[in-house]
Amino acid sequence: MKRLFTTTWALTLILSAASILHAQTTTPSSSDTRRTTRITVSGDSIVQAQPDTAILTISVVTQGRRAIDAEQENASRTTTVMQAVKTAAGPGAEVKTSAYSVQPQRMYREGQAPTITGYEARNTVTVTIGDLKKVGPVIDAASQAGANDIAGIAFTLRQDRPARDQALSEATREAMSKAEVLARALGRKVTRIVEVQEEGFIRPPQPVYQADAFMAKRESVATPIEVGSLDITSRVLLIAEVE
């Protein structure tokens, strides 16, 4: 009788274990077998905008046998140039000194130590103008007043938020469209945006302006300035899950 009880108890344990194992190895639901895949795409957009600000770099360069001679002549000519520039640029323009230097001029001969033959003084003025129609007249006025080194012109966009927002929006839509195309090609659909990264920049235009030619003909020819447009570029990287 005791052996029968022991056998019955052991059989009950085996049946219970089998029942638990069956419960743990049942076929998972369809929602558990779904597989997700991540895809990475990019979107690009270029929006053209008209610049609203010009930045000119104008210098007065003078030379003298003594440093004081170069400095004094430079100071006199720079004062005249700055007054002429302010008049031509009108109210609202910013005129400021951005660099100043006095450097010795040396003569080099083979086998001998270099000798100082004179000094060169350079005073550089940066002019920021909001009225782009005045860029040419400002250059002409500076040159006629004594400026002899015009390094270049840069155009920029101070109020760039609307153009940047438009470029970013278009780049994002392009990235999303690419993700949906890839998902359809895989027989799936986009279910979640995992990550989005954005970066952008402004590429300034190159004006039609040759400094050397202008300096040679400044007496009779007005300086032509072609402003062009700025390219506001936005690039978006997007990571999406598809299933």
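Residues numbered from 1 in each chain as written. Predicted model: local features only at pLDDT ≥ 70, side-chain atom pairs only at ≥ 80, totals over all residues. Heavy atoms only, no water.

### What to know about the sheet that holds strand S4 (residues 115–129)
(1) Moving on: In spatial order, the strands read S3-S4-S2-S5; together these four strands make up an open sheet with antiparallel pairing. The open sheet has two edge strands, strand S3 (94–107) and strand S5 (149–156), and neither has a second partner. Pairs of neighbouring strands in the sheet enclose a mean axial angle of 15°, with direction left out of account.
(2) Moving on: Sheet topology note: the strand S2 (residues 53–64)/S4 ladder contains 11 bridges and is antiparallel. Paired with Gln 63 across the bridge in S4 is Glu 120.
(3) Moving on: In the packing of helix H2 (residues 67–89) onto the sheet, the strands contacted are S2, S3 and S4, and the crossing angle to S2 comes to about 150°.
(4) Moving on: The sheet contacts of helix H3 (residues 135–145) involve S2, S4 and S5, and relative to S2 the element is tilted by about 10°. (Pairing = 2+ DSSP bridges. Helix = DSSP H or I, 4+ residues; strand = E, 2+ residues; numbered from the N terminus. Axes fitted to C-alpha atoms, helices over the stretch in contact; angles between N-to-C directions. Contact = heavy atoms within 4.5 Å.)

### Some details on the pattern of salt bridges
(1) Moving on: This model, assessed by the stated rule, comprises nine salt bridges.
(2) Moving on: Across the pair Glu 241 and Arg 38 runs a salt bridge whose closest N-O atoms are separated by 3.3 Å. Of this pair, Glu 241 sits in strand S7 (residues 230–242) while Arg 38 sits in strand S1 (residues 37–49), and the two are 203 residues apart along the sequence.
(3) Moving on: Judged by relative accessible area, which is 12%, Glu 241 ranks as buried.
(4) Moving on: Overall, Arg 38 belongs to the exposed group, its relative accessible area being 53%.
(5) Moving on: For the salt bridge of Arg 164 with Asp 160, the shortest nitrogen-to-oxygen distance reads 2.6 Å.
(6) Moving on: For Asp 160, a relative accessible area of 18% gives the class buried.
(7) Moving on: When salt bridges with common partners are traced through the structure, they connect Arg 38, Arg 192 and Glu 241 into a single cluster. (Salt bridge = Lys/Arg side-chain N within 4 Å of Asp/Glu carboxyl O. Buried < 20%, exposed > 50% of the residue type's maximum accessible area, 1.4 Å probe, protein only.)

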